[in-house]
Amino acid sequence: MHAATYHTQPPPAVQGHADPLYTSVGHLLSRACSNTCSTAAQAFAQLVQPTARFQLALDALLPILDSPRSEVSVSFSPCLIYKLPQRILVAYILYSLYAPHPIAINPFKSVLFDTFTKERNVAVQLAGEGKTSDSEQLVWVLWKVLRGEGDHLGPYPPNTLARESLPPKLRAGNLVLDEEKVSLDSFSGDASYPSTSAHRKDHSKGEGLKSSKDVTVSPEEDEKTQLLSQGLTLLLAARERVLTLSEQRLLSPLIPQLTSPSMLASLDLPPIVAHNPTIATPLLVSLLTLPPSDASGAYLDVLAQLPPTLPTFDVLGRLLRDTTPVTDSITGGKVTVADVVRMEVLGPFIHQCILWIDHAEREEREGLISDDRFAKAVQNLCRFYNALLKLSVVDAASDADSAEIAHFALRNSRFEEANALYRVLASGKF
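Rules used in this analysis
- Residues numbered from 1 in each chain as written.
- Predicted model: local features only at pLDDT ≥ 70, side-chain atom pairs only at ≥ 80, totals over all residues.
- Heavy atoms only, no water.
- Helix = DSSP H or I, 4+ residues; strand = E, 2+ residues; numbered from the N terminus.
- Buried < 20%, exposed > 50% of the residue type's maximum accessible area, 1.4 Å probe, protein only.
- Contact = heavy atoms within 4.5 Å.
- Areas by Shrake-Rupley, 256 points an atom, 1.4 Å probe, with all protein chains shown as cover.
- Phe/Tyr/Trp six-rings, centres within 6.5 Å; stacked < 30°, edge-to-face > 60°.
- Disulfide = S-S within 2.5 Å.
- Core = buried A, V, L, I, M, F, W, Y, C linked by side-chain atoms within 4.5 Å.
- Expected span 1.5 Å × (residues − 1).
- Axes fitted to C-alpha atoms, helices over the stretch in contact; angles between N-to-C directions.
- Parallel < 35°, antiparallel > 145°, perpendicular 65-115°, else oblique.
- Left-handed = near helix turned anticlockwise from the far one by under 90°.
- Nonpolar A, V, L, I, M, F, W, Y, C, P; charged D, E, K, R; others polar.

Visitor: Would you mind showing me how to read the overall build of the protein here?
Guide: Across its full length, the protein holds 21 helices and two strands. Residue burial in the protein is summarised as follows: out of 430 residues, 49% are buried. Across the protein, every contact between residues at least 6 apart in sequence was considered, and the portion connecting residues at least 24 apart equals 74%. Approximately 20,300 Å² of the protein is accessible, and the part contributed by carbon and sulfur atoms is 55%.

Visitor: Help me out: how do you make sense of the packing of aromatic side chains in this one?
Guide: Given two aromatic rings, their pairing is described by the distance between the two centres and the angle made by the two planes. Under the defined criterion, the tally for this structure stands at eight aromatic pairs. On the numbers, 6.2 Å between centres and 50 degrees between planes, the contact of Tyr98 with Phe108 is tilted. Placement of Tyr98 in the loop between helix H5 (78-96) and helix H6 (109-128) and of Phe108 in the loop between H5 and H6 is noted, with a sequence separation of 10 residues between them. Assessed through its relative accessible area of 18%, Tyr98 is described here as buried.

Visitor: Explain the environment of Asn419 here, please?
Guide: Looking at the secondary structure, you find Asn419 in helix H21 (residues 416-429). Of the residues examined, Asn419 reaches a relative accessible area of 30% and is grouped as partly exposed. Between the C-alpha atom of Asn419 and that of Cys382, which follows or precedes it by 37 residues, the distance is 9.0 Å.

Visitor: Would you mind showing me how to read the state of the cysteines here?
Guide: Summed over the entire model, instances satisfying the criterion amount to zero disulfides. We note that Cys33 lacks a disulfide partner, and the nearest cysteine sulfur, in Cys37, lies 8.4 Å from it. By relative accessible area, which is 6% here, Cys33 ends up buried. Overall, Cys37 belongs to the buried group, its relative accessible area being 1%.

Visitor: Teacher, can you tell me more about the nonpolar core here?
Guide: Generally speaking, soluble globular proteins have nonpolar side chains that are buried together. One finds Trp140, Leu381 and Phe384 to be the most contacted residues of the largest nonpolar core, which totals 122 residues. Ranked by residue count, the leading element in this core is helix H18 (residues 337-365), at 11 residues. For Phe384, the contacting residues outside a window of four places in its chain are Phe313, Leu316, Gly317, Leu320, Leu346, Phe349 and Ile350.

Visitor: Even after reading the chapter, I still don't get helix H20 (residues 399-411), so can you show me in this structure?
Guide: For an α-helix, the turn length of 3.6 residues means that residues three or four places apart are oriented alike. Here H20 spans 17 Å end to end across 13 residues, near enough to the 18 Å set by a 1.5 Å rise per residue. Among the residues of H20, those classed as buried are Ser402, Ile405, Ala406, Phe408 and Ala409.

Visitor: Help me understand the packing of helix H17 (residues 310-319) against helix H19 (residues 373-390), please; the structure alone is not making it clear to me.
Guide: Two packed helices can be described by the angle between their axes and the distance between those axes. For the pair H17 and H19, the least separation of the axes is 10 Å and the interaxial angle reads 15 degrees. Judged by the angle between their axes, H17 and H19 are roughly parallel. Read as a crossing pair, H17 and H19 show a hand that is right-handed. Contacts from Leu310, Phe313, Leu316 and Gly317 of H17 reach H19 at Asn380, Leu381 and Phe384. When grouped by side-chain class, the residues that make up the contact of H17 with H19 number five nonpolar, two polar and no charged.

Visitor: What is the right way to look at unusual backbone geometry in this model?
Guide: Working note: non-glycine residues mostly have negative phi, and peptide bonds are mostly trans. In this model, Ser392 sits at a positive phi of 60 degrees, which is unusual for a non-glycine residue. Turning to its location among the elements, Ser392 is positioned in the loop between H19 and H20. The class of Ser392 is exposed, set by a relative accessible area of 61%.

In structure tokens form, the structure reads like this:
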């Protein structure tokens with residue numbers, strides 16, 4: 001097996017390479033960051049013949065992994081958003097070339113470890129200065145790969161991994177690898193590969209930083225960090241699929257740590273609600289109990305735009321009964337999650353549900369859809385509102401609460417659920 005030669009600068013052959021294969025790989029790396037890591041790695045494997053992959057990785061991939069960084073980034077610029085996903089993708093491809101074999105026999109593992117050590121040390125130094133490294137996410141990705149967990153990253157696009165904010169426990173300063181476990185010296189006898197230890201010492205001397213080997217982490221702390229990393233992976237997966245019961249049990253107690261600070265954008269919430277409503281409820285509670293910010297308003301706006309489906313009604317119903325205290329964004333006083341959702345979400349949500357149902361009815365009438373989404377939505381919305389009346393969350397005698405839904409129920413009174421709801425609303429007014 002070959003051993004990787006570490007380049008600190010892009011070799012001239014790559015800077016102006018005329019080989020169409022190198023050009024194709026360059027296009028792949030620039031365009032594949034919105035696809036999942038596993039899809040991009042499969043595309044690379046199909047594009048490059050097995051006999052050419054090692055040399056091409058040396059010439060074209062390693063320079064990207066070790067590409068120059070800006071010193072600090074508080075918020076990603078468009079340039080950094082472009083570069084960081086490529087470096088993450090390259091790290092995954094270097095891992096995937098020799099998967100599913102253990103990382104210990106991957107000829108690029110020493111380079112991956114060197115990059116991890118260098119980027120981690122830079123991030124730790126910048127954190128000490130009150131700054132943030134632009135490669136925190138790359139450090140976490142390399143940490144996962146070098147622990148033999150690179151397959152966990154496969155379902156996620158590099159753009160997503162580069163964009164996610166990491167909880168404090170998964171920041172670079174808390175990610176430590178045991179050099180002996182990674183077995184860096186297993187290929188040190190190859191004359192074509194420079195001494196890894198000497199190479200790492202040169203980096204440390206040049207940057208005046210401590211090696212990660214100097215940091216001692218107890219087995220308990222390492223286990224906690226590993227557990228939090230698994231939770232982060234599951235939270236990302238919750239947007240794509242239904243989590244198993246064991247995965248939900250593992251993730252649920254970690255949600256407060258994964259949302260402080262929040263690593264989710266508001267647009268991540270609808271798929272989580274659709275696939276995993278039992279996870280979405282405590283997740284939203286944690287997000288809404290954070291100090292008031294523009295992000296809190298964005299989460300509430302997304303809630304109001306959710307479609308009238310059973311998972312949505314399940315989540316809204318739970319939130320409307322949640323008594324967790326939160327800080328009111330206007331008065332600064334203490335209210336509950338139920339109060340916030342009742343005042344700021346419920347009315348707009350009912351209005352949007354009615355618009356959604358009216359649109360589905362038009363599409364059904366015009367023959368554009370042939371399923372029963374319109375009928376199901378009417379039935380589910382009426383049952384949901386009837387439950388709110390029984391729980392006294394809304395008042396049937398209040399026009400502000402019930403005027404719109406009463407008109408909707410009357411229009412759709414051919415459905416038993418709508419007819420029953422209208423009778424309850426009418427009896428409450430007279």
